[in-house]
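Below are the chains, spelled out letter by letter.
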Amino acid sequence: MWLIYAVGSAFFAGLTSIFAKCGIRETDSTVATALRTVVILVFSWIIVGIEGSAGQMASIDDRSLLFLILSGAATGASWLCYFRALQLGDINKVVPVDKSSTVLTILLALIFLQEGLSLEKAAATLAIAAGIFLMIEKKDVQQTRSNGGNWLIYAVGSAFFASLTAILGKIGISGVDSNLGTAIRTIVVLIMAWVMVFVSGKQGEVRHIRKRELGWIGLSGIATGTSWLCYYRALQEGPASVVAPVDKLSVLVTVVFSYFVFGEKLSKRGMAGLVLLTAGTVAMAML
C-alpha cells in the first residue's frame, strides 16, 4: 500500500511545481513560500481533525517531536531554495537537480536507518545520478560560476535540505500518526517561512500580489499538502531509500506539464538523462 501513497506523492508534487511556477512570475518567491505554507497548514489540520488524531499529540515523546521539528526546519530551508530556483530558472532543469536529493537520501538511509544497499540498488542509484548529471547543461554550470544568483545554486541547496527532510521525517514519525506528524511539521515551516519574509523586509509585498497569482499559490499549497500526506504515510509504512526515489518521479509530471504550459523543452541530452533517472527510480521501487 505504501507504494500507492508514494506514487500519489509524486503526482501531486509534480503539480506543485507547475502551480508554483505560475504563482511566482511577479511575486517574490519567499513571500509565495510563506503564503503557500498557510494553505498547507490549514489543509493538514483539517485532515487531522477529520481523522480525529489530534488527541494523540499528548502522547508524542520528546525524541519524535524533536525530529519532527528538525524535519520541518529542513523542509523550510529546502522550500526557500527551491522556489527561488524556480523563479530564476527553467522548471524542467530546476526540478531534476532538486530531485538529486534522492541519491543523498539513499546514502543517509543506509548510514542512519540501516536500510540495506544491495548491488542492484547501487546500480539503480548510479543510473539516477547519471540521469541527473545529463539533465544539467554545461552552460548552466558556467553561468553559476559567473553569477552567484544562478538558479543552480539554489536548486542544489534545495536538494540537500530535502534529503535531510526525508531522513529526519522518517525518524520523527516513528510511532506517530503520519497526518498528525505532517501537521506538526507544517507549523515549523510556517514560522520559518514568515521569519524569512520579515527579516528580508518583504511583508509589504503581500498586499500587492495579483489575484491570479494568489490563486496559483493557493493551488500549489493544496497540491503540496496532498503530496505531503501521501509521502509521510508512505515513509511510515515503507523504506525511506525506496519511498524517496518513487516520490521523485514527480519530475515526469513536471516535464510534461512544463512543455505544454511554459513551452520548455528538454534537449536530447536532457531527455536521455530523464530516461536514465526514470529507469533507475523504477528499478529502485521494484527491488
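Calculation rules
Residues numbered from 1 in each chain as written. Predicted model: local features only at pLDDT ≥ 70, side-chain atom pairs only at ≥ 80, totals over all residues. Heavy atoms only, no water. UniProt positions renumbered as here; feature names shortened; annotations may be inferred. Helix = DSSP H or I, 4+ residues; strand = E, 2+ residues; numbered from the N terminus. Axes fitted to C-alpha atoms, helices over the stretch in contact; angles between N-to-C directions. Parallel < 35°, antiparallel > 145°, perpendicular 65-115°, else oblique. Left-handed = near helix turned anticlockwise from the far one by under 90°. Contact = heavy atoms within 4.5 Å. Nonpolar A, V, L, I, M, F, W, Y, C, P; charged D, E, K, R; others polar. Core = buried A, V, L, I, M, F, W, Y, C linked by side-chain atoms within 4.5 Å. Buried < 20%, exposed > 50% of the residue type's maximum accessible area, 1.4 Å probe, protein only. Salt bridge = Lys/Arg side-chain N within 4 Å of Asp/Glu carboxyl O.

Under an unreviewed UniProt entry, the name given to the protein chain is EamA family transporter, and the source organism is Candidatus Onthocola gallistercoris. Check the Subcellular location (unreviewed entry) section of the UniProt entry for the protein chain; it says "Endomembrane system". Quoted verbatim from the Sequence similarities (unreviewed entry) heading of the UniProt record, the comment on the protein chain is "Belongs to the EamA transporter family."

Chemist: So what exactly am I meant to see when it comes to the UniProt feature "transmembrane region" (unreviewed entry) in the protein chain here?
Modeler: As annotated in UniProt, the feature "transmembrane region" (unreviewed entry) corresponds to residues 30–53, 65–86, 106–136, 148–168, 180–201, 213–234 and 240–262 in the numbering used here. A helix fraction of 92% and a strand fraction of 0% characterise residues 30–53, whose end C-alpha atoms lie 31 Å from each other. As annotated, residues 213–234 has a helix share of 100% and a strand share of 0%, and its two end C-alpha atoms lie 31 Å apart.

Chemist: What is the right way to look at the packing of helix H5 (residues 101–112) against helix H6 (residues 119–135) in this model?
Modeler: Any two packed helices are characterised by how steeply their axes cross, that is the angle between the axes, and by the distance between the axes. Axis separation between H5 and H6 bottoms out at 9 Å; the angle between their running directions is 150 degrees. When the axis of H5 is compared with that of H6, the two are roughly antiparallel. Between H5 and H6 lies a crossing whose hand is left-handed. Along the contact surface, H5 presents Thr 102, Val 103 and Ile 106, while H6 presents Thr 125, Ile 128 and Ala 129. For the contact of H5 with H6, a count of residues per class yields 4 nonpolar, 2 polar and no charged.

Chemist: Looking at this model, I keep getting lost on the nonpolar core. Mind explaining?
Modeler: A general tendency of soluble globular proteins is for nonpolar side chains to be buried together. Core analysis: the largest hydrophobic core is formed by 61 residues, its most contacted members being Leu 86, Val 94, Trp 151, Tyr 231 and Leu 235. Of the residues forming this core, the biggest block, 8 residues, is contributed by helix H3 (residues 62–88). Not counting residues within four places of it along the chain, the set of residues in contact with Tyr 231 comprises Tyr 5, Ser 9, Ala 166, Val 243, Ala 244 and Asp 247.

Chemist: Explanation requested: the pattern of salt bridges in the structure shown.
Modeler: Should their charged atoms come close, side chains of opposite charge can pair. According to the stated counting rule, one finds 3 salt bridges in the structure shown. The shortest N-O distance in the salt bridge between Glu 26 and Arg 210 comes to 3.4 Å. Here Arg 210 lies in the loop between helix H9 (178–199) and helix H10 (211–237) and Glu 26 lies in the loop between helix H1 (2–23) and helix H2 (29–51), a separation of 184 residues in the sequence. Assessed through its relative accessible area of 56%, Glu 26 is described here as exposed.

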